[in-house]
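Listed below are the residues making up each chain.
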Amino acid sequence: MDYKLKNMAYDKFNTLTSTAVPLPIENVDTDQLIPARFLKATERVGFGDNLFRDWRYNPDNTPKKDFVLNDPTYTGKILVGGKNFGSGSSREHAAWSVYDYGFRCVVSSFFADIFRGNCLNIGVLPVQVSPEFSEKIFAAIFADPKTEIEVNLPNQTITLLATGEKETFDINSYKKNNMLNGFDDIDYLQSIKGEIEEFAAQLPL
Amino acid sequence: MSKTLFDKVWDTHVVRKIEGGPDVLFIDRHLIHEVTSPVAFLGLKTRGISVLYPNRTFATADHNTPTIHQDQPVADPLSANQLHMLESNSAEYGISHWGLGHQKNGIVHVVGPEYGITQPGATIVCGDSHTSTHGAFGAIAFGIGTSEVEMVLATQCIMQPKPKKMRININGKLGKAVTPKDVALFIISQLTTSGATGYFVEYAGDVFENMTMEGRMTVCNLSIEMGARGGMIAPDETTINYVKGREFSPKGEAWDKALAYYKTLKTDADAVFDKELTFDGATIEPMITYGTNPGMGMGISHDIPDAADVEGGAATYAKSLGYMGFHEGDSMIGKQVDFVFVGSCTNGRIEDFRAFTSLVKGKHKADNVTAWLVPGSHIVEAQIKEEGLLDILTEAGFELRQPGCSACLAMNDDKVPAGKYAVSTSNRNFEGRQGPGSRTMLASPLVAAAAAVTGVVTDPRTLIEELA
C-alpha cells in the first residue's frame, strides 16, 4: 500500500488460536450486543462490561447463570454466533463492546453489513463460514469446550485444530492488509486528500 | 452501458477505485447527532486533524433528548454531557448545530429533508442506520459507524465496496387502511430481516410513485430492517416540488444545474439488477409484528405462524415468541396493549399524525393505554397545531410531546416498562428496544390509533367501517 502509517488504530491481526464462546442464536441484533441506554459514553472505554447486558444480567444486576458469558466452561477470544449476526443499528459501540470484552474474532454463517464493516474498522475480524461449517464449529465446542480454533488471516482459513477440518473465508485485499498491519482508512484517505479536493470541485451538488 | 439509478449516483461520487478493495466514495451531506459523534471528534483531536468541509456536515440533537420540558436543563448527566459535546465540537469545527431548543432541532432524518439538506442524487451518510430514509429522494443514503463518521469529518469520504442491486416492484391499488408503513412491513416480512443484506434496493412501481414524500421516506427508512444498506426511489415531480425552495436547496443558477442533474436520475430501461422481486399491492393488508425482529410481521387478521412455516431455526423462533408472551396460532386481534407510541424517523411526520388523528377523531383514548405522540420536528409540531389536529387529539384524550427519537430506542426517559406491550410506529421490535423487558408490536399510525382507542390490538378497517 502506498500510504504512510500515521496512527496505530488497533492491534495487528495475523493468526489467532483460541477456544471459542458459542452463541447459537440467529439474528443477534445490536440492541442485544449493547442496549441503547449504554451508548452515552463519549470515549471508547468500558463497553465490554455491558456486552449482551440484558441477556447477561438480571434487572437487579445479578448474572443470569444460564447465559453463555456467565458460564466458565466457555472462554476464548473467538465468539461464534448464529446466522445474521449484528443486525440492526449502525452503533459501532456494538463492535467496541465485543472488542472490549476481549473477543478479536466473530464467526457466523451470515453477518449484517454495517456490523461487519464496523468490526473491520476497529480490528475485530468477522469470519463468515458456510452454514454447514458453522454447525460443525458449534458441535465441536459443545462436545469439547477446550477445543481450539485457528483463524489464519494471511491464508484466510479457519480450522478446527482437533480434526483439521477447515474452510476458507473472504476478505478484500485492502482490508486484509489493513488488519495485518493495524492500518486504518483515515491513514489512507489522508494520503489522497489533494485528489479528494479536486474531485469535490467538479461535483453536481 | 445501461445503468441503474443507484449506479448513476454511486459512480458520480467515486473518487478512486481500489483494486480488490472498496471504492473511495465522496459524501455530499453528512448528518451527525450526539450519540455516535463524540468518539469521532475525539479521534480527530488525537490525530491532530481538522474537518475538511464543515459546511457539508449538519448536527442535530435527537437520540437522548427529553420530549417534555425541553426548555429546562437535561436531568440525566450522561445525556447532558453528550449534548454538550455535540455543541462544543460543532462550535470548534464550524459545523451548523441545531441543539435542544433550537427551532430547527428534531430527528435527524426528519429535519434533513425539511430544510433541503437532502437532495436527489446526493450521497448522504449519518451514524445512524435509518439514514436510508433519505433514499426517498433518489439519494444514496446509508448508516455508518463512528470510525466512518471520523473519516467523513476528516476527508468527506468513506471506503465502501459497491453493494449489489435489487429492485422491488409493487403495482396495484392499496387496500383500505394500508399505509406506506404496511407496504414496508409487508416487504420485510417477505424478505426476512436479512433478505436484502448486501444489496442496495430501488423501489419501483405505481404504489411508490403514488406516495407522498413522507410515505416514500417511511418505506426507504425501513430498508435497513431487511438488511439492505439503503433503499431509493427515483425522483419525479413529487420529489422536485418537495425539494424546491427549501432553505438549503440550491437556488438560482445552482438550482438549474441541480435540476438538470436530477432529471438524469432514473434507471435505464435495459439496466440489470442482481435481484428483482415483484409483489401485488392489492394483496397487502394492514400489518403488525408479533416477534422480536421486523421480519416477524403479518397481516393483522392472520394468526401467528408455526415455527415450521417460517424461515430460521425453531429455537430462535421459540425464544422470540417466549419473550413476547405469544404462541403459535394466536390471533393478534385482541392482544393486550399498554402503550402506544407514534413518532420516530419512520412515522413522525405530519402525514402520520394526520392518519392517527383521522381515526381517533370523535373517539377517546382507552384508559389502559399510555400514549406518547412525539412529532419528528418543530415543523411537524407546528403543523399539527395549525391544521387543528391538536384540538382533535386533545378532545380525544391525547397529549403531544416535543420532538425527538423518544421511545423508539428509549435512550431518554420514554421507556416502556418490563413486560408491558407497546404498539409502536417506530422501526424495531428487538428485545428491550423500547426499554428493558419491553414488548413491541410494530405497526402503522392507523393500527396504533385503533389500539389507542380500543385498548387492544384492533384491525383499523373495522373502525373505519364504523365511521363510514
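Remember, predicted model here, so these are calculated numbers, not experimental data.

K.L.:
Requested: an account of the overall build of chain B, with residues and values cited.
P.N.:
In terms of regular secondary structure, chain B is built from 17 helices and 18 strands. Its C-alpha radius of gyration of 21 Å places chain B within 12% of the 23 Å reference for a compact globule of 468 residues. The dimensions of chain B, computed from C-alpha atoms along their principal axes, are 55 × 55 × 45 Å. Per-residue burial over chain B gives 67% buried out of 468 residues.

K.L.:
Quick rundown of the packing of aromatic side chains? Include the residues and the values.
P.N.:
Residues and elements named next belong to chain A. Under the criterion given, the structure shown has 28 aromatic pairs over all chains. Both rings, one in Y174 and one in Y188, keep their centres 5.6 Å apart while their planes meet at 75 degrees; by these two values the pair is edge-to-face. With Y174 in helix α6 (residues 173–181) and Y188 in helix α7 (residues 185–191), this pair connects stretches of sequence that are 14 residues apart. According to the relative accessible area criterion, Y188 is buried, its value standing at 3%.

K.L.:
Account for the interface of chain B and chain A, with residues named and values stated.
P.N.:
Quoted interface sizes are often the accessible area lost when the parts come together. On the side of chain A, 56 residues touch chain B, which itself brings 74 residues to the contact. Taken over both partners, the interface formed by chain B and chain A buries close to 5400 Å², and the fraction arising from carbon and sulfur atoms is 60%. By the criterion of area lost to chain A, the three top residues of chain B are R16(B), R47(B) and M159(B), representing 11% of everything that side buries. At the boundary of chain B and chain A, one finds six salt bridges. Of the charged contacts in the structure, one is a salt bridge between R47(B) and D184(A), with a shortest N-O distance of 2.4 Å. At the junction of chain B with chain A, the criterion picks out 23 residue pairs in polar contact (both at pLDDT 80 or more). When residues of the side of chain B that touches chain A are traced back to their parent elements, those giving at least two are β1 (14–17), β2 (23–26), α2 (38–47), α3 (77–93), α5 (146–155), β8 (157–160), α10 (253–262) and α11 (314–324) of chain B. Take the side of chain B that touches chain A: its biggest share by element is seven residues, from α5(B). Considered class by class, the residues forming the side of chain B that touches chain A number 31 nonpolar, 27 polar and 16 charged.

K.L.:
Describe helix α8 (residues 213–221) of chain B, with residues and values.
P.N.:
Most of α8(B) is tucked away: nine of the nine residues are buried. Considered for burial, the residues of α8(B) that qualify are M213(B), E214(B), G215(B), R216(B), M217(B), T218(B), V219(B), C220(B) and N221(B).

K.L.:
A description of the sheet that holds strand β11 (residues 230–232) of chain B should follow, citing residues and the corresponding values.
P.N.:
All names here are of chain B. If you trace the four strands from one edge of the open sheet to the other, you get β11-β10-β9-β12, paired in parallel fashion. Strands with a single pairing partner mark the edges of an open sheet, and in this sheet they are β11 and β12 (275–280). Averaged over all pairs of adjacent strands, the angle between their axes in this sheet comes to 20 degrees, without regard to strand direction. Strand direction decides the pairing type here: strand β9 (residues 164–171) and strand β10 (residues 199–204), joined by six bridges, are parallel. Paired with N169 across the strands is A204, a residue of β10. Strands β9, β10 and β12 of the sheet are contacted by helix α6 (residues 180–191), whose axis makes an angle of about 125 degrees with β9.

K.L.:
Account for the pairing of strand β17 (residues 421–424) of chain B, naming residues and giving values.
P.N.:
Residues and elements named next belong to chain B. Burial along β17 is two-sided: the residues Y421 and V423 and A422 and S424 are all buried. In terms of strand pairing, strand β15 (residues 339–342) meets β17 through three bridges, oriented parallel. Paired with F339 across the bridge in β17 is A422. Direction of pairing for β17 relative to strand β18 (residues 439–442): parallel, over a ladder of four bridges. By the bridge assignment for β18, V423 is matched with M441.

K.L.:
Summarise the sheet that holds strand β6 (residues 149–152) of chain A; cite the residues concerned and give the values.
P.N.:
Residue and element names in this part refer to chain A. As summarised here, the arrangement of the four strands in space is β1-β6-β7-β8, forming an open sheet in which the pairing is antiparallel. Both edges of this open sheet fall to β1 (15–18) and β8 (165–168), since each of them pairs with a single strand only. When strand polarity is set aside, the average angle formed by the axes of neighbouring strands in this sheet is 10 degrees. Sheet contacts for helix α5 (residues 131–143): β6, β7 (157–160) and β8; angle to β7, the most-contacted strand, approximately 40 degrees.

K.L.:
Report on the environment of V178(B), specifying residues and quantitative values.
P.N.:
Here V178(B) shows up in the loop between β9 and α6. Sequence-distant contacts of V178(B), defined by excluding residues within four places in its chain, comprise V183(B), I284(B), E285(B) and P286(B).

K.L.:
Describe the nonpolar core, with residues and values.
P.N.:
Counting residues in hydrophobic clusters, the biggest one holds 108 residues, and the most contacted among them are F52(A), V151(A) and F356(B). Per-element tally for this core: the top contributor is helix α16 (residues 445–454) of chain B, with eight residues. The residues contacting V151(A), other than those within four sequence positions of it, are F13(A), N14(A), T15(A), L16(A), I78(A), C105(A), L125(A), V127(A), T157(A), I158(A) and F169(A). Membership of the second largest hydrophobic core comes to 102 residues, among which are L25(B), V51(B), I124(B) and V207(B).

K.L.:
Describe the pattern of salt bridges, with residues and values.
P.N.:
As enumerated under the stated definition, the model contains 30 salt bridges over all chains in all. The shortest N-O distance in the salt bridge between R433(B) and D31(A) comes to 2.9 Å. Within this pair, whereas R433(B) is found in the loop between β17 and β18, its partner D31(A) is found in helix α1 (residues 30–33), the two belonging to separate chains. It is possible to trace a salt-bridge network through shared partners that takes in K3(B), D7(B), D11(B), K162(B) and K165(B).

K.L.:
Give me the lowdown on the confidence of the model for chain A, citing residues and values where you can.
P.N.:
Where the model shows low pLDDT, its predicted coordinates should not be examined in detail. Taken residue by residue, chain A gives an average pLDDT of 94. The fraction at 70 or more is 95%. Long-range and interchain partners of residues 1–8 of chain A, a stretch whose pLDDT sits below 50, account for 23 contacts in this model, where long-range means more than four residues apart.

K.L.:
Describe the side chain of T440(B), and please don't skip the residues or the numbers.
P.N.:
Residues and elements named next belong to chain B. Within the fold, T440 resides in strand β18. When its relative accessible area of 0% is taken as the criterion, T440 is described as buried. At 2.7 Å, the side chain of T440 forms a polar contact with the side chain of Q434. Not counting residues within four places of it along the chain, the set of residues in contact with T440 comprises T289, G291, M324, A422, S424, R428, N429 and Q434.

K.L.:
Give a detailed account of the environment of F356(B), specifying residues and quantitative values.
P.N.:
Summarising the element assignment, F356(B) is placed in helix α13 (residues 350–360). Taking the C-alpha atoms as reference, F356(B) lies 20 Å from D414(B); in sequence the two are 58 residues apart.

K.L.:
Go over α11(B), please, and point to the residues and values.
P.N.:
Residue and element names in this part refer to chain B. Regarding α11, the residues found buried are T316, Y317, S320, L321, Y323 and M324. Within α11, the buried residues cover an arc of 155 degrees as seen down the axis, which keeps them to one side. In α11, the exposed positions that point more than 90 degrees away from the buried face belong to A314 and A315. Where α11 is buried, its residues touch β17 and β18. Looking one or two places after α11, you find G325, whose phi comes out positive at around 75 degrees.

The rules behind each value
- Residues numbered from 1 in each chain as written.
- Chains lettered and ligands numbered in written order.
- Predicted model: local features only at pLDDT ≥ 70, side-chain atom pairs only at ≥ 80, totals over all residues.
- Heavy atoms only, no water.
- Helix = DSSP H or I, 4+ residues; strand = E, 2+ residues; numbered from the N terminus.
- Rg over C-alpha atoms; globule rule 2.2 N^0.38 Å.
- Buried < 20%, exposed > 50% of the residue type's maximum accessible area, 1.4 Å probe, protein only.
- Phe/Tyr/Trp six-rings, centres within 6.5 Å; stacked < 30°, edge-to-face > 60°.
- Contact = heavy atoms within 4.5 Å.
- Buried area = accessible area lost by both parts, 1.4 Å probe.
- Salt bridge = Lys/Arg side-chain N within 4 Å of Asp/Glu carboxyl O.
- Polar contact = N/O pair within 3.5 Å; in protein donor to acceptor, adjacent residues only side chain to side chain.
- Nonpolar A, V, L, I, M, F, W, Y, C, P; charged D, E, K, R; others polar.
- Pairing = 2+ DSSP bridges.
- Axes fitted to C-alpha atoms, helices over the stretch in contact; angles between N-to-C directions.
- Core = buried A, V, L, I, M, F, W, Y, C linked by side-chain atoms within 4.5 Å.
- pLDDT = per-residue confidence, 0-100.
- Arc of directions from axis to C-beta.

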